[in-house]
Amino acid sequence: MDIAYVVATVLAAAAALLAAGIDVVRAEWVRTNMRAYGVPESWLTPLAVVKAIGGAGLLAGLAIPPIGVAAAAGLVVYFVGAVLTVVRARYYAHVGYPLPYLLLAAASLGLFVAS
């Protein structure tokens, strides 16, 4: 297993799990942003669950690679959706929030495919 893949995967998992935790505690800035993007606050918990499962799947994928590939692909799709949601709401200055998560998930997926 390539060291770069492991590092990218652990970082992507930590980021996804941190993002899920922020959603779970319903930080005020997250709720404000979600309202601005037109996303109902009731979606915070399901979105947190998706991120948490993705992060856990990345870690499980270090032992069972197909799970990691599925988790990385799922997180890439999730965060592409997050970027599109921000762009659709015309909050272009906020694209920098979901983009690093997308890049980490894409790095994990890309490095797995490359190895």
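One can find the structure itself at the top, above this paragraph.
What counts as what
Residues numbered from 1 in each chain as written. Predicted model: local features only at pLDDT ≥ 70, side-chain atom pairs only at ≥ 80, totals over all residues. Heavy atoms only, no water. Helix = DSSP H or I, 4+ residues; strand = E, 2+ residues; numbered from the N terminus. Rg over C-alpha atoms; globule rule 2.2 N^0.38 Å. Buried < 20%, exposed > 50% of the residue type's maximum accessible area, 1.4 Å probe, protein only. Contact = heavy atoms within 4.5 Å. Areas by Shrake-Rupley, 256 points an atom, 1.4 Å probe, with all protein chains shown as cover. Phe/Tyr/Trp six-rings, centres within 6.5 Å; stacked < 30°, edge-to-face > 60°. Expected span 1.5 Å × (residues − 1). Polar contact = N/O pair within 3.5 Å; in protein donor to acceptor, adjacent residues only side chain to side chain.

Engineer: Please clarify how the overall build of the protein chain should be interpreted in this entry.
Structural biologist: From N to C terminus, the protein chain includes 5 helices and 0 strands. When the helices and strands of the protein chain are placed in sequence order, the string is α-α-α-α-α. For 115 residues, the compact-globule formula gives about 13 Å, and the C-alpha radius of gyration of the protein chain, at 14 Å, lands near that figure. Here the protein chain holds 115 residues, and the buried ones make up 37% of them. Taking the contacts inside the protein chain whose residues are at least 6 apart along the sequence as the reference set, 64% of them involve residues at least 24 apart. As presented, the protein chain carries roughly 6100 Å² of accessible surface, and 76% of it is formed by carbon and sulfur atoms.

Engineer: Looking at this structure, I do not really get unusual backbone geometry. What am I missing?
Structural biologist: Note on backbone geometry: most residues besides glycine have negative phi, and most peptide bonds are trans. One non-glycine residue, Arg 26, lies in the positive phi region at around 55°. Classification of Arg 26 by relative accessible area gives partly exposed; the value is 27%. Positioned with a positive phi, Arg 90 is a non-glycine residue whose angle comes to about 65°. The topology assignment puts Arg 90 in the loop between helix H4 (65-88) and helix H5 (99-114).

Engineer: So what exactly am I meant to see when it comes to the side chain of Ser 108 here?
Structural biologist: Looking at where Ser 108 falls in the secondary structure, it is placed in helix H5. For Ser 108, the contacting residues outside a window of four places in its chain are Tyr 5, Ala 8, Thr 9, Leu 58 and Ala 72.

Engineer: Teacher, can you tell me more about the packing of aromatic side chains here?
Structural biologist: Any two aromatic rings considered together are summarised by their centre-to-centre distance and by the angle between their planes. Counted according to the given criterion, the structure contains 6 aromatic pairs. Summarising the aromatic geometry, the rings of Tyr 5 and Phe 112 are spaced 5.7 Å apart at their centres and angled 55° between planes, so their arrangement reads as tilted. With Tyr 5 in helix H1 (residues 3-24) and Phe 112 in helix H5, this residue pair connects regions lying 107 residues apart in the sequence.

Engineer: Explain helix H3 (residues 44-61) to me, please; I cannot follow it from the model alone.
Structural biologist: Each full turn of the α-helix corresponds to 3.6 residues, which orients residues three or four apart in the same direction. With 18 residues, H3 extends 25 Å from end C-alpha to end C-alpha; this agrees with the ideal 26 Å at 1.5 Å per step. Packing partners of the buried residues in H3 comprise H1, helix H2 (28-37), H4 and H5.

Engineer: I'm lost on the side chain of Thr 9 in this one. Help?
Structural biologist: Positionally, Thr 9 belongs in helix H1. A distance of 2.8 Å separates the side chain of Thr 9 from the side chain of Ser 108, its partner in a polar contact. Here Thr 9 is in contact with Leu 58, Leu 62 and Ser 108, once residues within four sequence places are set aside.

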